[in-house]
Amino acid sequence: MTNTQAIQENQDTRTGTGATPPPAGQAPPAPGRRRRRRRPTATGVLAALIAVPALCVVALLILVTYLGFRENGSPDGALTFDNYTSLFGDSQVWEVVLNTLIYVAVTQVVALLLGTALALLVERTDFGWERTINTAMVLRILIPGFFTAMGWIFLFHPRVGAVNQWLMEWFGLSEGPVNITSLIGMGFVEGLGLSALVFVMVSSSLRSVDGSLEEAARASGAGPWRVLRRVTLPLIYPSMLGAGIFTATIAISSLDIPLIMGLSNGIHVFSSYLYVATNPSVGVTEYGVPAAFSGVMILLAIGFSLWYLRTLKSARKYQVVTGKGYRPARVPLGRWRWAAWLFVGGYFLWSAVLPFLMVVWTSLLPYVQKPSAEALEHVSFDNYRDLDWDYVLRGLETTVKLMVLAPTLAVLLSLAFSYVVVRSRLRFRYLYDFTAFLPQAVPSTIFAFSAMIAALYWTDGWYSLYGTLAILVVVMALIQVAFGTRMFNAGLVQIHTELEEAAAMSGASTWATVRRVTLPLLRPVATYTWLWLALLTLRDLTVPTLLGSQDTLTLSVASWMLYNTGQVGASSAVTLLMILFMTPVVVLFLVFTRGRSGAGPGAGARAGGPAGGAAGGTGL
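Conventions used here
Counting restarts for each chain, with residues numbered from 1 along the sequence as it is written. Reporting of local features is limited, given that this is a predicted model, to residues whose pLDDT is at least 70; pairs of side-chain atoms are given and counted only at 80 or more, and all residues count toward the totals for whole chains, interfaces and linings. For side-chain calculations, the full set of non-hydrogen atoms in the structure is used, while hydrogens and water are omitted. Think of it this way: any DSSP run of H or I at least four residues long counts as a helix, any run of E at least two long counts as a strand, and we number them from the N terminus. Only protein chains enter the area calculation, which uses a 1.4 Å probe; residues under 20% of their type maximum are buried, those over 50% are exposed, and those in between are partly exposed. Should any heavy atoms of two residues lie within 4.5 Å, those residues are counted as being in contact. In the sections that follow, a salt bridge refers to a side-chain nitrogen of Lys or Arg positioned within 4 Å of a carboxyl oxygen of Asp or Glu. In a helix, the anticipated span is given by 1.5 Å times the number of residues less one. Bend, in this description, refers to the angle at a residue between axes fitted to the seven residues ending there and the seven starting there. In protein, a polar contact means a hydrogen-donor-capable atom and an acceptor-capable atom, both N or O and within 3.5 Å, with residues adjacent in sequence counting only if both atoms are side-chain atoms; elsewhere, any N or O pair within 3.5 Å suffices. Remark: nonpolar core denotes a set of buried residues (Ala, Val, Leu, Ile, Met, Phe, Trp, Tyr, Cys) joined through side-chain atoms within 4.5 Å. Geometry is summarised by axes, namely lines fitted to C-alpha atoms with helices restricted to the contacting stretch, and by angles between N-to-C directions that run from 0 to 180 degrees. For a crossing to be left-handed, the near helix must be turned anticlockwise from the far one by less than a right angle; the clockwise case is right-handed. Here is the rule: rings of Phe, Tyr and Trp (six-membered ring for Trp) pair when centre to centre is within 6.5 Å. Planes less than 30 degrees apart are stacked, more than 60 are edge-to-face, and the remainder are tilted. What pLDDT reports is the predictor's confidence in each residue, on a scale of 0 through 100. By definition, no residue in a patch forms a salt bridge, and every one has over 30% relative accessible area; like charges are joined within 9 Å, nonpolar side chains (Val, Leu, Ile, Met, Phe, Trp, Tyr) within 5 Å. All accessible areas in this document rest on Shrake-Rupley with a 1.4 Å probe, and a residue is counted as covered only by the protein chains that are shown. By arc we mean the arc of the directions from the helix axis to the C-beta atoms, nothing more. Here the nonpolar group is Ala, Val, Leu, Ile, Met, Phe, Trp, Tyr, Cys and Pro; Asp, Glu, Lys and Arg are the charged ones; every other residue, Gly included, is treated as polar.

Novice: I'd like to hear about the overall build of the chain, residue by residue, with values.
Specialist: For the chain, the count of helices and strands is 28 helices and zero strands. Across the 620 residues that make up the chain, the buried fraction comes to 53%. Sequence-distant contacts in the chain: of pairs separated by 6 or more residues, those separated by 24 or more amount to 77%.

Now the structure itself:
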């Protein structure tokens, strides 16, 4: 046998084109018999396993759309268009639509202006304190929305707000000049919180932009504002677009600020409208119109997502990161440094410090009072001593279980989704990626609402899921998969396939390669993702409010229920206990991410581009 013949025979053996003849007297195996002997691959098994959660995500969206065409939103109801007729013909619903648009618009303006301005200050000027501000902004993301909402009510409620009372005393006004419980006020408070997320996403993008482009513009005679308007902002346009869509989705789905600030003033937006319709204090529960409303919101959300993805496809013109080294150009602040300090200090003072101090102050008083010498005489720890501790501990127990189970399930599902999407060559793998992205595009309120209907109608009788810990864990995990997959996608892309190929050449099976090579390398990503999701689980109010019961009460729901029944001092005390409980996890998170350049919710943006950044905060 010549060398050429030997090489050809080896190639045929490896490729399976098969030149090796069968032994004498034995018939060659039939083609169908060969196919039956093929063993399923690891990615094939994973694809089959994650088909279940993928179908759950799609089924929840289909269900809520289907219920919009059923009488009273019941799966057993007759087919009808009455829900859509009522939706588009009811003036109250149109008022909710208008309120939602105004609320989201104000949120967007505040979040994008403040977040982008802070990011530009940190990344493009010589202001300094970069690490401190980045850490503070990450912590700001973790502060629950209802916590700051309560603080702002204690500051600017038209009747009991401390600042309004002082202004009324000083200027002899008959009523408070600022009404924070208005639509503008609600949007402003929501925007303050979401500006931290915009900061993280935009600053990640700014670090990737070559500063030499801005230096070239300055060398051509352009001033700072012209460079900002004509060079910097167009380059970070995709990340700003992603941040805008992302903050809009969060504003539409969040329940905390609409419930705390809007409900008492009779202002309804989409999320609070859906909550009140499905949990009426009087009258009959209405599912039909909320389902039709949700169906319209799903179509809008998918439309915005497709528009965003189309923008990303044409984003090649924004790819300004090359192989050459570069350093961001920093503009000296000079005599404007005091204004920068005023801006940064004012942001943190009004965004976090003053609301926190007002919640602490109120938790020590029998009723809401402005800080004064007279009020100091009533300061005590009675709100803490008189708490129903069985009630609080029940909430703490459920919260701990959720913080352990939901992130764990979400991390496992996310890892499986990402491995199939990044490592397999399956033709339909991008469908899994799109399905995992859906909880980011569609407000989480709709997923919780759909799961509630499914549990009430289809699991009642043989095993009632509504109000159980199981449904809370599953729905939270499905919603968090959007964030987890973006993180694991970025982590897997950074691991070169040569390592896995070397293990395979050494005789390791695919499962052994994943267990011995891939998973150890992904351990930091998994740990960071788990900690972040656990913290977001602790602060979540939307899913536990819609799907929980008295037996599965969380601390966030306990605080909201106390506030809703007028026990403001007790509610403030529970909120502070919740922050106290949160502190060790936050410290662990900061210690773990210390010195890690890829840490933070913008890691997806840095590693995976704007799309990753847009999904970076799905758990919110």
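Novice: Account for the pattern of salt bridges, with residues named and values stated.
Specialist: Tallying each qualifying case throughout the model produces five salt bridges. Of the charged contacts in the structure, one is a salt bridge between K370 and E169, with a shortest N-O distance of 2.9 Å. Within this pair, whereas K370 is found in the loop between helix 16 (337-363) and helix 17 (373-376), its partner E169 is found in helix 8 (residues 162-171), the two being separated by 201 residues in sequence. Look at K370 and you get buried, because its relative accessible area is 16%. Measuring nitrogen to oxygen at the nearest pair gives 3.1 Å for the salt bridge that ties E397 to K401. A residue pair is termed a helical-turn pair when its members lie 3 or 4 positions apart in one helix, as E397 and K401 do in helix 19 (residues 389-423) at four residues.

Novice: Tell me what's going on with unusual backbone geometry, and back it up with residues and numbers.
Specialist: The backbone phi angle of N72 is positive, close to 60°, even though this residue is not glycine. By secondary structure assignment, the location of N72 is in the loop between helix 3 (42-67) and helix 4 (82-89). Non-glycine residue W129 carries a positive phi angle of around 55°. We classify W129 as exposed; its relative accessible area is 51%.

Novice: Describe helix 3, listing the residues and the values that go with them.
Specialist: Across its 26 residues, helix 3 extends 38 Å between first and last C-alpha, which sits within 8% of the 38 Å expected from 1.5 Å per residue. Most pronounced at A51, the bend in helix 3 amounts to some 35°, and the proline P53 follows within four residues.

Novice: So what about the side chain of K370? Which residues, and what values?
Specialist: Within the structure, the side chain of K370 is placed 2.9 Å from the side chain of E169, a separation counted as a polar contact. When sequence neighbours within four positions are dropped, the list of residues in contact with K370 reads A162, Q165, W166, E169, W361 and A375.

Novice: Just give me the short version of the environment of P366, but keep the residues and values in it.
Specialist: Here P366 is to be found in the loop between helix 16 and helix 17. With relative accessibility at 52%, the residue P366 sits in the exposed group.

Novice: An account of the nonpolar core is needed here, citing residue identities and associated values.
Specialist: I260, M261, W532 and L547 are the most contacted members of the largest nonpolar core, which has 174 residues in total. Ranked by the residues each element gives to this core, the list is headed by helix 19, at 14 residues. When sequence neighbours within four positions are dropped, the list of residues in contact with I260 reads F146, A149, M150, I153, W560 and Y563.

Novice: Describe in detail the packing of helix 21 (residues 444-458) against helix 22 (residues 469-494), supporting the description with residues and values.
Specialist: The axes of two packed helices give the description: the angle between them and the distance between them. Contact pair helix 21 / helix 22: the axes reach a minimum separation of 11 Å and the direction vectors enclose 145°. In this structure, helix 21 crosses over helix 22, and the sense of that crossing is right-handed. From helix 21, S444, F447, A448, A451 and A455 reach across to helix 22, where they touch I471, V475 and I479.

Novice: So, the packing of aromatic side chains: which residues are in play, and what are the values?
Specialist: Tallied over the full model, the rule gives 23 aromatic pairs. On the basis of an interplanar angle of 80° and a centroid distance of 5.2 Å, the ring pair of Y347 and F348 is categorised as edge-to-face. Considered together, Y347 and F348 belong to a single accessibility category, that of buried residues. Each ring, one from F381 and one from Y384, has its centre 6.1 Å from the other, and the planes form 55°; the classification is tilted.

Novice: Explain the side chain of T552 residue by residue, including any values.
Specialist: Counting through the fold element by element, T552 comes out in the loop between helix 25 (542-547) and helix 26 (555-564). Polar side-chain contacts of T552 include one of 2.9 Å to the backbone oxygen of G467. Looking at T552, its side chain comes within polar contact range of the main-chain nitrogen of S549, at 2.9 Å. Not counting residues within four places of it along the chain, the set of residues in contact with T552 comprises T398, G467, T468, L469 and L472.

Novice: Any chance you could break down the environment of V344 for me, citing the residues and the numbers?
Specialist: Structurally, the position occupied by V344 is in helix 16. The spacing of V344 and I133 is 211 residues in sequence and 9.0 Å in space, taken between C-alpha atoms. If we skip the residues at most four places from it in the chain, V344 touches L118, L121, F127 and I133.

Novice: Residues and numbers for the confidence of the model for the chain, please.
Specialist: On average, residues of the chain score 81 in pLDDT, and 85% of them reach the 70 mark or higher. When pLDDT is averaged over each element of the chain, helix 16 comes out on top at 92 and helix 28 (residues 603-614) at the bottom at 40. Of the regions scoring below 50 in pLDDT, residues 6-27 engages in seven contacts with residues more than four places distant in sequence or in other chains. Note on residues 597-620: pLDDT under 50 across the span, and 66 contacts to partners over four residues away in sequence or across chains.

Novice: Please give an account of a nonpolar patch on the surface that cites residues and values.
Specialist: Residues L349, W350, V353, F356 and L357 make up a contiguous nonpolar surface patch of roughly 410 Å² in combined accessible area. Mapped onto the fold, L349 is located in helix 16.

Novice: Break down helix 4 for me, citing the residues and quoting the values.
Specialist: What helix 4 keeps buried is the set N83, Y84 and L87. Seen from one end, helix 4 has its buried residues packed into an arc of 95°, which puts them on one side. Set apart from the buried face of helix 4 by more than 90 degrees, the exposed residues are D82, T85 and G89.

Novice: If you had to explain the packing of helix 19 against helix 27 (residues 568-593) to someone new, which residues and values would you point to?
Specialist: Look at helix 19 against helix 27: their axes get within 12 Å of each other, and the N-to-C directions meet at 35°. Read as a crossing pair, helix 19 and helix 27 show a hand that is right-handed. Contacts between helix 19 and helix 27 involve W389, V392, L396, T399, V400 and M403 from the former and V574, L577, F581 and V585 from the latter. Of the residues belonging to the contact of helix 19 with helix 27, the class tally is nine nonpolar, one polar and no charged.

Novice: I'd like a description of the environment of P524, backed by residues and values.
Specialist: Inspection of the secondary structure puts P524 in helix 24 (residues 510-539). Note on P524: relative accessible area 28%, which makes it partly exposed. Separated by 69 residues in the primary sequence, P524 and T593 place their C-alpha atoms 9.2 Å from one another.

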